[in-house]
Amino acid sequence: MKICVIGAGIIGLSSAVRIQDRYQSADITVIADKFSPNTLSDTSEAVFAEYKAGNTPSHLLEKWSAETLRHLKSMALSPEAAAHKIQHISGYWVGNGREQGIGNRLPSRRLTKEELQLFPKASWGQFFTSYFVEPTIYLPWLMKRFTGRGGKVVHKTVKSLEELYPHYDMIVNCSGLGSYQLVHDTNLVPHRGQAVKVHAPWIKHFYHQKIDGEMTYILPGSEGVILGGTFQKDNWNDECNQEDQFELMKRCCEIMPSLKAVTAEHVKVGLRPVLDVMRVELEPPSVRTKCRIDGEIFKFLTQRGLAKNGRSTRGR
């Protein structure tokens, strides 16, 4: 069985490794035009939380969230945690308007009135413990695991699926925003994100604030603190913007005034692939795409897109 995975971001590499776990005899190749540290995923540090994501059915979100949480927990407690750096993290989740919960899978509590005073613009808040993923560390770990078990890697731009059909029994499309051109998915919309990495080792908790729809976050990682961000719909500009940087730094300093003394060490820009509904779907049956694995019919498996509210869970 020859399987091709298009894309080497966190969804692509995670999919390739999971296929290896289940089908150990499969011949698997990852094909991508970008690899870490140059993928979108490398700009996307994340704290796990479960919340409404566009029009994605709630039963699917619950299923994917439960599976992802189990995976993150096992990774954080594994002997390899020192290598992939998936770790526990605690922090503040605040906002105004309608309260946005984080689900019931994580230990959490409501902020006291005294604590909420730390966030003058917020009308509600929670403190909870979750898991933190740093893709710049996790992606190389996934790649090492994939190639160490015989996985193959090809660095190229796939312009058409037609060039792959003759060579593979199954194609897994994890090309993210690349699907806009690769499979003409015009429902995909880029949401431009910009973030800044600073040296601020005194920051130990994460901070996530949503005020009037504008999100601000502070994420302490092993290699620096990430300050963000921007969520600019239908913006294809992947260059750094000084005005955006000034504004996001200003918002972060309002939350944590001690950040006024820091300077930017590195600026990240990424274009998030956004869909109204998160999707894992099969292409309609055809002569080219049909193959059998353990008696099941697999056509063309597509994993692409994020719901319009951003990442609610991470693929594994």
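## Observations regarding the packing of aromatic side chains
And step 1. Under the criterion given, the structure shown has 8 aromatic pairs.
And step 2. Note on tyrosine 92 and phenylalanine 127: the rings are 5.0 Å apart at their centroids and 75° apart in plane angle, and the pair reads as edge-to-face. Within this pair, whereas tyrosine 92 is found in strand S4 (residues 87-95), its partner phenylalanine 127 is found in strand S6 (residues 124-133), the two being separated by 35 residues in sequence.
And step 3. An angle of 50° between the planes, with centres 6.3 Å apart, marks the rings of phenylalanine 119 and tyrosine 207 as tilted. A residue pair is termed long-range when its members are at least 10 positions apart, and phenylalanine 119 in the loop between helix H4 (113-116) and S6 and tyrosine 207 in strand S10 (residues 206-211) qualify at 88 residues.
And step 4. A relative accessible area of 3% places phenylalanine 119 in the buried class.
And step 5. Given a relative accessible area of 11%, tyrosine 207 falls into the buried group.
And step 6. In this structure an aromatic cluster arises from ring pairing among Tyr92, Phe119, Phe127 and Tyr207.
And step 7. Note that lysine 2 overlies the ring of tyrosine 168, its terminal NZ or CZ placed 5.6 Å from the centroid.

## A look at the packing of helix H1 (residues 10-22) against helix H5 (residues 135-148)
The relative placement of two packed helices is expressed as an angle between their axes plus a distance between the axes.
And step 1. At a minimum axis separation of 10 Å, H1 and H5 run at an interaxial angle of 30°. It follows that H1 is roughly parallel to H5 by the angle criterion. Every pair of crossing elements has a handedness; the one defined by H1 and H5 is left-handed. When H1 is examined against H5, the residues Ile10, Leu13, Ser14, Ala16, Val17, Gln20 and Asp21 are found in contact with a partner set consisting of Tyr138, Leu139, Leu142, Met143, Arg145 and Phe146.
And step 2. Its residues placed into classes, the contact of H1 with H5 shows 9 nonpolar, 2 polar and 2 charged.

## Re the confidence of the model for the chain
And step 1. Of the residues in the chain, 90% have a pLDDT of 70 or more, and the chain-wide mean is 87.
And step 2. Counting contacts from residues 290-316, a segment whose pLDDT is below 50, to residues more than four positions away or on other chains yields 112 contacts.

## Quick notes on the nonpolar core
And step 1. Counting residues in hydrophobic clusters, the biggest one holds 45 residues, and the most contacted among them are Val5, Ile28, Val30 and Tyr138.
And step 2. Apart from residues no more than four positions distant in its own chain, valine 30 is found in contact with Val5, Gly7, Ala8, Leu13, Ala16, Phe35, Phe146, Lys152, Val153 and Val154.
And step 3. Of all hydrophobic cores here, the second largest spans 23 residues; its members include Val94, Val198, Leu227 and Cys253.

## So, the side chain of serine 15
And step 1. Positionally, serine 15 belongs in helix H1.
And step 2. At a separation of 2.7 Å, a polar atom in the side chain of serine 15 contacts the main-chain carbonyl oxygen of isoleucine 11.

## Structural notes on the pattern of salt bridges
And step 1. By the definition in use, this model includes 12 salt bridges.
And step 2. The residue aspartate 21 makes a salt bridge to arginine 149 at a minimum N-O spacing of 2.9 Å. Note that aspartate 21 is positioned in helix H1 and arginine 149 in the loop between H5 and strand S7 (152-155), a separation of 128 residues in sequence.
And step 3. Since its relative accessible area comes to 39%, arginine 149 is described here as partly exposed.
And step 4. Residue glutamate 50 pairs with arginine 105 through a salt bridge whose shortest N-O separation is 2.8 Å. Placement of glutamate 50 in the loop between strand S3 (46-47) and helix H2 (58-76) and of arginine 105 in the loop between S4 and strand S5 (108-110) is noted, with a sequence separation of 55 residues between them.
And step 5. Beyond isolated ion pairs, a larger network of salt bridges with shared partners links Arg18, Asp21, Arg145 and Arg149.

Parameters at a glance
Residues numbered from 1 in each chain as written. Predicted model: local features only at pLDDT ≥ 70, side-chain atom pairs only at ≥ 80, totals over all residues. Heavy atoms only, no water. Phe/Tyr/Trp six-rings, centres within 6.5 Å; stacked < 30°, edge-to-face > 60°. Helix = DSSP H or I, 4+ residues; strand = E, 2+ residues; numbered from the N terminus. Buried < 20%, exposed > 50% of the residue type's maximum accessible area, 1.4 Å probe, protein only. Lys NZ or Arg CZ within 6 Å of the ring centre and 35° of its normal. Axes fitted to C-alpha atoms, helices over the stretch in contact; angles between N-to-C directions. Parallel < 35°, antiparallel > 145°, perpendicular 65-115°, else oblique. Left-handed = near helix turned anticlockwise from the far one by under 90°. Contact = heavy atoms within 4.5 Å. Nonpolar A, V, L, I, M, F, W, Y, C, P; charged D, E, K, R; others polar. pLDDT = per-residue confidence, 0-100. Core = buried A, V, L, I, M, F, W, Y, C linked by side-chain atoms within 4.5 Å. Polar contact = N/O pair within 3.5 Å; in protein donor to acceptor, adjacent residues only side chain to side chain. Salt bridge = Lys/Arg side-chain N within 4 Å of Asp/Glu carboxyl O.

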